[in-house]
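A look at the structure
Take a look at the letters that make up each chain.
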Amino acid sequence: MKTKLKNSVALERLHSLKPFLSRRDKIGYVAARNYRFLSNSITEFETIRLSLIEKYGVEGKDERGAPTYTLKMDSPNFKNFCDELAPFNEMEHEVELMTAKYDEVAGNLSGEEILAIDWMLED
């Protein structure tokens, strides 16, 4: 199904799919396909978001010594980050997503899992 999504919604949906990517069934297949399409659709948004985290966040190092950046909600810079990212959050674009039937996930997923991916389920 083609659907129009804001960047912020696409990012939320992308994160909701991660727990399903290791499945070796139709649910995993649909999740993986949608993950790829959502990820591709927000490539530029993610680049901007990560550059703003670098700009407003705190530098650290990963296990190999490479620089990493974190930005916590209680940071004094968090509002500036949100203000600068806001126009990009609201940008919309069309994404082709695959759906699955509710009866295909019933008995295979918990209620919490079904709620997490409700947006890609249909009757």
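First things first, this report covers the structure right here in the doc.

1. Quick notes on the overall build of the protein chain
When its secondary structure is counted, the protein chain shows six helices and six strands. Along the protein chain, from the amino end to the carboxyl end, the secondary structure elements read β-α-α-α-β-β-α-β-β-α-α-β. Taken along the three principal axes of its C-alpha coordinates, the protein chain extends 45 × 35 × 25 Å. Counting all 123 residues of the protein chain, 34% fall into the buried class. A sequence separation of at least 24 residues applies to 64% of the contacts in the protein chain between residues at least 6 apart. As displayed, the protein chain offers around 7,900 Å² of accessible surface, 53% of which is attributable to carbon and sulfur atoms. Each charge class in the protein chain was averaged separately, 17 positive and 22 negative side chains, and the resulting centres sit 3 Å apart.

2. Remarks on the environment of M73
By the element assignment, M73 lies in the loop between β3 (67-70) and α4 (78-89). For the pair M73 and A86, spaced 13 residues apart in sequence, the C-alpha to C-alpha distance is 15 Å.

3. Here we look at helix α3 (residues 43-56)
Along its 14 residues, α3 runs 20 Å from first to last C-alpha, staying within 8% of the 20 Å computed at 1.5 Å per residue. Here the buried face of α3 lies against α1 (7-17), β2 (58-61), β3 and α4.

4. So, α1
Where burial is concerned, most of α1 is hidden: eight out of the 11 residues are buried. On its buried face, α1 is in contact with β1 (2-6), α2 (26-41), α3, α4, β4 (92-96) and α6 (111-116).

5. Structural notes on the packing of α3 against α4
The N-to-C vectors of α3 and α4 enclose an angle of 170°; their axes lie 10 Å apart at closest approach. In terms of axis orientation, α3 runs roughly antiparallel to α4. Contacts from F45, I48, R49, L52, I53, K55 and Y56 of α3 reach α4 at N80, F81, E84, L85, F88 and N89. In the contact of α3 with α4, the residues fall into eight nonpolar, two polar and three charged.

6. Some details on the pairing of β3
Bridge count between β2 and β3: four bridges; the pairing is antiparallel. Bridged to E59 within β3 is Y69.

7. Overview of the side chain of S16
Examined against the element boundaries, S16 turns out to sit in helix α1. Here R13 takes part through its backbone oxygen, which lies 2.7 Å from a polar atom of the side chain of S16. A polar atom in the side chain of S16 sits 3.5 Å from the backbone oxygen of A116. In contact with S16, other than residues within four places in its own chain, are A116, I117 and W119.

What counts, and at which threshold
Residues numbered from 1 in each chain as written. Predicted model: local features only at pLDDT ≥ 70, side-chain atom pairs only at ≥ 80, totals over all residues. Heavy atoms only, no water. Helix = DSSP H or I, 4+ residues; strand = E, 2+ residues; numbered from the N terminus. Buried < 20%, exposed > 50% of the residue type's maximum accessible area, 1.4 Å probe, protein only. Contact = heavy atoms within 4.5 Å. Areas by Shrake-Rupley, 256 points an atom, 1.4 Å probe, with all protein chains shown as cover. Lys, Arg positive; Asp, Glu negative; His and termini not counted. Charge placed at Lys NZ, Arg CZ, Asp CG, Glu CD. Expected span 1.5 Å × (residues − 1). Axes fitted to C-alpha atoms, helices over the stretch in contact; angles between N-to-C directions. Parallel < 35°, antiparallel > 145°, perpendicular 65-115°, else oblique. Nonpolar A, V, L, I, M, F, W, Y, C, P; charged D, E, K, R; others polar. Pairing = 2+ DSSP bridges. Polar contact = N/O pair within 3.5 Å; in protein donor to acceptor, adjacent residues only side chain to side chain.

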